[in-house]
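Coordinates in review
Here's the letter readout for the chains.
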Amino acid sequence: IGSDQGLERLKDGRFTLYTHEQGLPDDLVLSVTQDGHGNIWAGTRRGLAVLKDGRFVAAGPEKGLTPGFVMCTYTGRNGDLWVGTRQGLSHFDGSRFTTYTTKDGLSNNFVQSIFESPDGTFWIGTDSGGLNRFKDGHFRTYSEHDGFSSHVLWSIAGDVTGTIWLGTDGGGLYRLRKGKFTNYGPRQGLPDDTFVRILDDQRGNLWLSSNKGIFSV
């Protein structure tokens, strides 16, 4: 569990707290992910770190990752780590990071969410740049012309039907199904129009966190 006091691990009914004293670059932990090789990665406002022998070890410039805010971490379907920062989208192949930025076609370097669909397409949510699709080394940005009008995208998730759900900042919840966007908000019965996190529980329920609490649809 990440917080502004460090990272808490719950195991066998007991909590263990990891902070800068245990090697974290900073006590504000924004994301935590286990990759396909069993490594635990923590993203903080001062960079990324991996858990080794009970302590965190910073993973930064020596591996090709620019230090600074790590907004999100994500494990791809092949087990590789993907990282969203304020400097772009980074992929770790096990030895070094490759970073993609606006120079490569990304709409904005402030990456807040990452999701991979079953066909290997990556969906990237940005702050001020909206939604990007990344496939075969190429980016495509979605806009009002495509039916997606939000510029700040907080969260992306997929459900068992293959539908992609997109949580925005003030723009409601979007559903992407068969290439078509549908928008949901208070007028459609949702209690809020800002959704920070989305989780599919694999039981037909979609869980949403918002400014007005947590609920399911």
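Anything mentioned here points back to the structure above.
Residues numbered from 1 in each chain as written. Predicted model: local features only at pLDDT ≥ 70, side-chain atom pairs only at ≥ 80, totals over all residues. Heavy atoms only, no water.

**Quick look at the overall build of the chain**
Defined as follows: Going along the chain from the N terminus, every DSSP run of H or I of four or more residues is numbered as a helix, and every run of E of two or more is numbered as a strand. For the radius of gyration, the atom set is restricted to C-alpha positions; the globular benchmark scales as 2.2 Å times the number of residues to the power 0.38. Here the term buried applies to any residue with accessible area under 20% of the maximum for its type, exposed to any over 50%, and partly exposed to those in between, with areas from a 1.4 Å probe on protein chains only. Here, two residues are considered to be in contact whenever any of their heavy atoms come within 4.5 Å of each other. Here, Shrake-Rupley sampling with a 1.4 Å probe gives the accessible areas, and only protein chains in the shown set may cover a residue. Note that His is not counted, nor are the chain ends; the positive residues are Lys and Arg, and the negative ones are Asp and Glu. The location of each charge is read from NZ of Lys, CZ of Arg, CG of Asp or CD of Glu.
From N to C terminus, the chain includes zero helices and 22 strands. In summary, the chain has a C-alpha radius of gyration of 17 Å against a globular reference of 17 Å for 217 residues, a match within 12%. Viewed in the frame of its principal axes, the chain has a C-alpha envelope of about 50 × 40 × 25 Å. Looking at the 217 residues of the chain, the share that counts as buried comes to 46%. For the chain, contacts bridging at least 24 residues in sequence account for 35% of all contacts bridging at least 6. Of the roughly 11200 Å² of accessible surface on the chain, a fraction of 47% belongs to carbon and sulfur atoms. Across the chain, 23 positive and 24 negative side-chain charges occur, with their mean positions spaced 3 Å apart.

**Considerations on the packing of aromatic side chains**
Quick reminder of the rule: Pairs were defined over the aromatic rings of Phe, Tyr and Trp, the Trp ring being its six-membered one, requiring ring centres within 6.5 Å. Orientation was assigned from the angle between planes: stacked under 30 degrees, edge-to-face over 60, tilted for the rest. In our convention, an over-ring charge means Lys NZ or Arg CZ found within 6 Å of a ring centre and within 35 degrees of that ring's normal.
Counted under the stated rule, the structure contains 16 aromatic pairs. Here the aromatic rings of F134 and F139 are separated by 4.3 Å at their centres, their planes lie at 25 degrees, and the arrangement is stacked. By the burial criterion, F134 is buried, and F139 matches it. When the ring centre of F69 is taken as reference, the NZ or CZ atom of R86 above it lies at 3.9 Å. Across from the ring centre of Y142, 4.2 Å away, lies the NZ or CZ of R140, which sits over that ring.

**So, the environment of G120**
Its place among the elements puts G120 in the loop between β12 (111-116) and β13 (122-126). Here the alpha-carbon distance between G120 and G172, two residues 52 residues apart in the chain, equals 26 Å.

**Thoughts on the sheet that holds strand β20 (residues 195-200)**
Applied cut-off: Between any two strands, at least two bridges found by DSSP are needed for them to pair. Each axis is a line fitted through C-alpha atoms, taken for helices only over the stretch in contact, and angles between the N-to-C directions span 0 to 180 degrees.
Taking strand neighbours across the sheet as the criterion, the three strands line up as β20-β21-β22 in an open arrangement whose pairing is antiparallel. Unpaired on one side and paired on the other, β20 and β22 (213-216) mark the two borders of the sheet. Averaged over all neighbouring strand pairs, the angle between strand axes comes to 15 degrees, with direction disregarded.

**Thoughts on the layout of surface pockets**
Leftover empty space is mapped by rolling, across the atoms, a probe with the size of a water molecule. This is how it is decided: In this analysis, the protein atoms alone were mapped onto a 1 Å grid. Cavities are point sets where a 1.4 Å probe fits without being able to get out; pockets are open sets with protein on both sides within 12 Å along at least five of seven lines; lining residues have an atom within 4 Å of a point. Grid points are joined across faces, edges and corners, and a volume is the space filled by probe spheres set on the points.
The calculated volume of the largest pocket comes to roughly 500 Å³. Surrounding the largest pocket, 21 residues form its lining, Y74, I114, I156, R197 and I198 being those nearest its centre. If you list the elements that add at least two residues to the lining of the largest pocket, you get β4 (29-34), β8 (70-75), β12, β16 (153-158) and β20.

**Some remarks on the pairing of strand β3 (residues 14-18)**
As a general feature of sheets, a regular strand has side chains that alternate between the two faces. Direction of pairing for strand β2 (residues 6-11) relative to β3: antiparallel, over a ladder of five bridges. Across the sheet, K11 pairs through a bridge with R14, a residue of β3. Connecting β2 to the next strand, β3, in antiparallel fashion are two residues, including D12 with a positive phi near 55 degrees.

**Here's the deal with the pairing of strand β11 (residues 97-100)**
The pairing of strand β10 (residues 88-92) with β11 spans four bridges and is antiparallel. Bridged to F92 within β11 is F97. The turn joining β10 and β11, which pair antiparallel and follow one another in sequence, is formed by four residues; a positive phi near 110 degrees is taken by G94.

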